[in-house]
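Spelled out from the first residue to the last, the chains are:
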Amino acid sequence: MSSTVSVSKGVFVFKNGAKAASKSARKKKKATESLFCDSLWYKTYKTLWNSVETKIQELNNDMFSSVLSNLVDCIKNSYANPVSEIPAVALLTGINMPDHSAQFKTLKQEIKRTITPHLCTLSGEDCHNLKYLVETMIHQLVKNEDVMDEEDESDSDTPRIKKSQCNFSLLQYWYEELYLNKSQKLSPSKKIIVVIIPHFENFSPKVLQDFILIASSYINILPFVFVFGVATSLSVVHRSLPYHVSSKINIQVFHSFPSTVYLNNVLENILFSRDCPFHLGGKVFNLFRDIFLFYDLSVSGFIQNFKYAMLEHFSYGNAMALCQKKHVKQIIEDFTHDDLENVRQIMSFRKLVESEEPENRIRLLTDDTYFKNVLRREIKKIMSYLPNLHLFLRCLHVLVHDLPKAPLGKQVRELYAVAVSKNITTTQEYKECFQLLSFQSKEELTKKIVRVKELIVNNFEQSHLDYEVEGILVNEFDKFMTQLDNLELVEDKKEEVTQKDSLLELMNRLDLKEKLKQMSQNKPLNKYEKIRHNLLNFLSSQFEVYLVPPSNFYFHEIFFFNDMSIQSHIIGTHRTAIHTALNDPHFYLQCPCCSIPNDSVILPSMPDICIVYKLHLECGKMINLYDWLQSFLSIVDPQELDDDSKPTVDPELQARFTQAVAELEYLGFIKSSKRKTDHVTRLTWGG
Amino acid sequence: MTTLSKLEASLPCRSAQIGQLYNLYGHKGEPFPDSVYISGGPSVGKSIVVRTVLHELGVKYAVINLIECYTTKILFETILNKLVGLGDSRCDNMMDFVDNLRRNRAALVESVLIIDKAEKLRTMDFNLFPGFLKLKELTGGIPVSVVFLSQIILQKFYSRSSVVEPIQIHFPQYSKDELLEILSSDIDYARTAVTNAFHFDSNFYQNYLNAFLSVFYRHCRDLSELRYVARTNFLNYCQPILRNENTVEDSMALWRKVAPFLKQALQNLYLRVSSPQLPDNLAQNLELPFYAKYLLIAAYLASYNPAKDDKRLFMKYHGRKTKTMRDVKRKNKVTEQLNTLLGPKPFSFDRLLAIFYSIVDDKVGFNNNLLVQVSSLVELQLLSSLSDGSTLDGAKYKCNVNFDFIQMVAKMVGFNIRKYLSDFSHM
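Note on numbering: residues in each chain are counted from 1, in written sequence order. For naming, the first written chain is A and the first written ligand is 1, with later ones following in the order written. It should be noted that, the model being predicted, local features are given only for residues of pLDDT at least 70 and side-chain atom pairs only at 80 or more, the latter also being counted only at that level, while totals for whole chains, interfaces and linings use all residues. The side-chain figures draw on all heavy atoms in the structure; neither hydrogens nor water molecules are used.

Draft legend 1. Fine view of helix 9 (residues 259–271) of chain A. For each residue, the accessible area found with a 1.4 Å probe, counting protein chains only, is set against the maximum for its type, and the residue is called buried under 20%, exposed over 50%, and partly exposed in between. We count a stretch as a helix when DSSP gives it H or I for four or more residues in a row; a strand needs E for two or more, and each element gets its number in order from the N terminus. Every buried residue belonging to helix 9 of chain A is among A:Ser259, A:Tyr262, A:Leu263, A:Asn264, A:Val266, A:Leu267, A:Ile270 and A:Leu271, and all of these are buried. Contacts between residues were defined by any pair of non-hydrogen atoms, one from each residue, lying within 4.5 Å. Elements that come into contact with the buried residues of helix 9 of chain A comprise helix 2 (40–76), helix 10 (282–296), helix 11 (299–314) and helix 17 (412–421) of chain A.

Draft legend 2. Molecular detail of the pattern of salt bridges. Salt bridge criterion: a side-chain nitrogen from Lys or Arg within 4 Å of a carboxyl oxygen from Asp or Glu. All told, the structure shown has 22 salt bridges over all chains when counted by the stated rule. For B:Glu245, the salt bridge is made with B:Arg243, and the minimal N-O distance between the two is 2.9 Å. By sharing partners, the salt bridges in this structure join A:Glu341, A:Arg344 and A:Asp368 into a single network.

Draft legend 3. Quick peek at helix 11 (residues 202–216) of chain B. Residues and elements named next belong to chain B. One less than the number of residues in a helix, times 1.5 Å, gives the span that helix is expected to have. Helix length check: helix 11, at 15 residues, gives a terminal C-alpha distance of 20 Å against a target of 21 Å (1.5 Å per residue), a fit within 8%. Looking only at helix 11, the buried set comprises Phe204, Tyr205, Tyr208, Leu209, Ala211, Phe212, Leu213, Val215 and Phe216. Here the buried face of helix 11 lies against helix 9 (176–184), helix 10 (187–193), helix 12 (223–242) and helix 13 (251–267).

Draft legend 4. Structural detail: the sheet that holds strand 3 (residues 111–116) of chain B. Residues and elements named next belong to chain B. In this description, strands pair whenever DSSP reports at least two bridges between them. Here we have five strands laid out as an open sheet, ordered 2-3-4-1-5, and parallel in their pairing. The open sheet has two edge strands, strand 2 (60–65) and strand 5 (167–171), and neither has a second partner. Between one strand axis and the next, the sheet turns through 20° on average, direction left out of account. Of the strand pairs in this sheet, strand 1 (residues 35–40) and strand 5 are connected by five bridges, and their pairing is parallel. Bridged to Val36 within strand 5 is Ile167. For helices, the axis comes from a line fit to the C-alpha atoms of the stretch in contact; other axes are also lines fit to C-alpha atoms, and the angle between any two N-to-C directions lies between 0 and 180 degrees.

Draft legend 5. The arrangement of the interface of chain B and chain A in detail. Contact residues are listed per partner, giving 40 residues for chain B and 49 residues for chain A. Once two parts are brought into contact, the accessible area they lose, counted with a 1.4 Å probe and summed over both, makes up the buried area. Overall, the association of chain B and chain A removes approximately 4,100 Å² of surface from exposure, summing both partners, and the carbon and sulfur fraction of that is 56%. Contact with chain A buries surface across chain B, with B:Tyr70, B:Arg272 and B:Glu287 losing the most and accounting together for 17% of the total. Counting across the interface, chain B meets chain A through one salt bridge. For B:Lys120, the salt bridge is made with A:Asp210, and the minimal N-O distance between the two is 3.6 Å. By the criterion applied in these results, polar contacts are pairs of N or O atoms within 3.5 Å in which, for protein atoms, one can donate a hydrogen and the other can accept it, and in which residues neighboring in sequence qualify only through two side-chain atoms. Applying the counting rule to chain B against chain A returns six residue pairs in polar contact (both at pLDDT 80 or more). Contributing elements (two or more residues each) for the side of chain B that touches chain A: helix 12, helix 15 (290–304) and helix 19 (368–379) of chain B. The greatest single-element share of the side of chain B that touches chain A, amounting to six residues, is contributed by helix 19 of chain B. Any residue that is not Ala, Val, Leu, Ile, Met, Phe, Trp, Tyr, Cys, Pro, Asp, Glu, Lys or Arg is counted as polar, Gly included; the first ten are nonpolar and the last four charged. Within the side of chain B that touches chain A, the residues separate by chemical class into 20 nonpolar, 12 polar and eight charged.

Draft legend 6. Structural view of the state of the cysteines. Whenever a pair of cysteine sulfur atoms sits within 2.5 Å, that pair is classed as a disulfide. Scanning the model with the defined rule gives zero disulfides over all chains in all. The cysteine A:Cys591 is free of any disulfide, with A:Cys594 supplying the nearest cysteine sulfur at 3.4 Å.

Draft legend 7. Highlighting the side chain of B:Ser422. Residue and element names in this part refer to chain B. Turning to its location among the elements, Ser422 is positioned in the segment after helix 20 (403–413). Note on Ser422: relative accessible area 12%, which makes it buried. Among the polar contacts listed, one links the side chain of Ser422 to the side chain of Asp309, at a separation of 3.5 Å.

Draft legend 8. Quick look at unusual backbone geometry. Notably, A:Gln590 is not glycine yet its phi reads approximately 55°, a positive angle. Within the secondary structure, A:Gln590 sits in the loop between helix 26 (586–589) and helix 27 (608–617). On the basis of relative accessible area, A:Gln590 is assigned to the exposed category, the value being 57%. With a phi angle near 60°, B:Glu110 is a residue other than glycine that sits in the positive phi range. Relative to the helices and strands, B:Glu110 is located in the loop between helix 6 (105–108) and strand 3.

Here it is as structure tokens:
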């Protein structure tokens, strides 16, 4: 193989370019950072987001690790025994591909670390035909090796391999060079070659078939292992590979978690925990959840939305710097007058003022030190409320998640959505749940109570429950437990006997019926039922104390983000956007000349296309071009049109009109018609 | 004739072909034939026979697998590399190739070039097949012989340009007895498989293979596949013996016990999936967002309903339809007219959206997330796009899922799909 030296130049330039680009990017970043980096709210945001992000990363790794370790083991042992087919691993990932790029990244790192440096990733876009595929793969493999060998050496010395030179004989040569020369013995030091195809569905099956056939013909020389990321199910693999190909690979199947499970984990462990003081309000949370469930099932999308909401929340101003766990006191101390004014603009401050005595009202508004004290007090209230909210939501979840039909929902997130938007203890579903609970048998109830108790005890240190409260709770539970345990010992025949006596002295049938009805209704409770009744009452009273909606607190806006205006930023609606841009250019241009009181007004100062667009909205299905031009002229140039004597139009204006029409056609609003001369067809209706 | 008999012993059931090859290449001093065309189905022993024969005869040969040679350049360079040992030659076309061969005349004497998967030559450059047939002539009499291994017969190569007819050798499919004979040579593997827990003779193994072939012979003649399945199922066959339930002689009982396993293995023929899997149901396992499910249903409806029925099916006040004699007749007509049994018809994007909005109960915003769902369904191969990416309006799609699948999806979202299919709506 003659390897040319001259190619190195190209590589060299590219690498330098990449470095320069990254450098400039960093510089740019610094420039943007300097805008906000001094402000208090940005610092808070930054620390909070970083902690959330690292936690999500950890969770991601944890969740994937069990699958990952199995997978890596499988790959590692794939050539332990002599094989006649290529070992392959199918990882069923679920439909959301972008979410899984992180998983594949960890997988790659893991393989590199433990198994083999020979690793390449192929994507469908790069591999339209076999030639590209082979070249891309071999280039990755061979280049990778070079990087490993001499990392910091200047690349000009090392012979580089052109992409077009890459073929299987080169690979074989390279591989044998690597392992045959170093050690004469073949098998032990030989490292396997892993080929990862993260998006199996994206791949052209024909290319893949040929590739598998080639690889299988080299099976004794080059130990390949394939990793397929399959989005739908294994049948796709079988469908796209015919018999003579599928008999060449030996597939092991691994499942990863469905994305709903993943989301629940993220929510319960990170976003709904005391570590994250920033909370989504009910409406916004429901919006994000709907996007997730109805549109994309993408957890990373959810997290991005969450991040956006956070940015929006913190950019309100320094008041939001209070949205953190630790240094609240310090921050309130450090607040300037402007910052406090910022806090005073929060909506719930008004309520606070109104609830105060008249003389305090003025002090609240003017006296900064007094206000600081109040603020500290109120913030502290919320701070102790939040952990309890999560804790008791979880307790409630334990109680209600497996009730028939699950009136409050099966997931913590559903409970959360209700609890932060209204008082959950007053809702119909809550009452229904407790009614259902009051039918539960002793075993079921006992199990649940034990779990609730565990939850409280385990979370005690984290939450802000008082010692006394916790003690009382645990004591109560213990009491109920012992009562339930002792239930069998106590017999309660006595009461039944007394009841039966009263039945004997009866007058007529009607009375008897009435009486029986009454008796069936207030049938005396037996011991267990009494205990259950007391227990549920106790639980309910606790929930009523702790599960109040956040809007009961002053300054809850600092911790709860509930601004639905972000909807338009989160969900893109291109048609509305285009319509707004054309119908009301002022909305985007923000120029002083184009602002209009209502939609029907057309100003000559607007861009031509907007005028033409607005005129076309008034037309029917077919638009006469000449009439259109006339109305265009009447707006752009009102004086000219008045004298009918002038038969011709200004060519400049006509050109402007023609251009605008052409632009509209390009955007797809109209289409030239063949049926009627000088007419165009309108293609869109409504906004 | 010792080499010949040795070859026939090592490659059973192929004595006729071995004899032919031996006649062509086995006699020292005789010139080799220009070209030999060997045809036969998959795994009937073409490659192994040719290779073994040439190897035993001590003839120099090189095997080229055409799948690997996706360009002509690679093909020529690989040949030169393997046959002559030129690692760094540059060879772009037939002329260069011939020239290179001429210059290395000495290295090529008495060598054989084996071209595997020769059916690929039909789709490669037009001059390759005639060129290889006449290689000796083109190179000015270098005694190099070309062997083609192909799964299709030579007649498929005929074109208008008259080609030299090569010598043909056909490898027929193995008959049942021959398969039995070849598979029974696998007995050593079987012995190691049971790790000598008990001893058995060849008769026992023959019994197993008989039982095995009685199930598989009708479905599969591919020797390598049969051998693989036979090996994997042999342990199942031996299980009752290892559990001391039956003796080695009890072949009928063993057959009865292994039959269900073999039937199961028949389902997974050619699919080498290691982990024993439940029959996985795509519709149940697939997790799709809510609206994507509805989009898929809408796509199915659009694919399998004629467009003229849309008004009747999806609009509330569609007016009364007058019954004609034709309709009545059509209703009586049986299943061959059913749209659901014919293939999916293409539909336009607008129609998909219109149907989607009429079947979804709640008000859905028309936003980008919704539109992205369509392309992600295409990506998952649940829909297929029929128009190229350049057309902005009027993109056409087709639904790729079958009725059972869509019924499952519809059931999951609580949607009665039969009501909206014109095949079933009159029922």
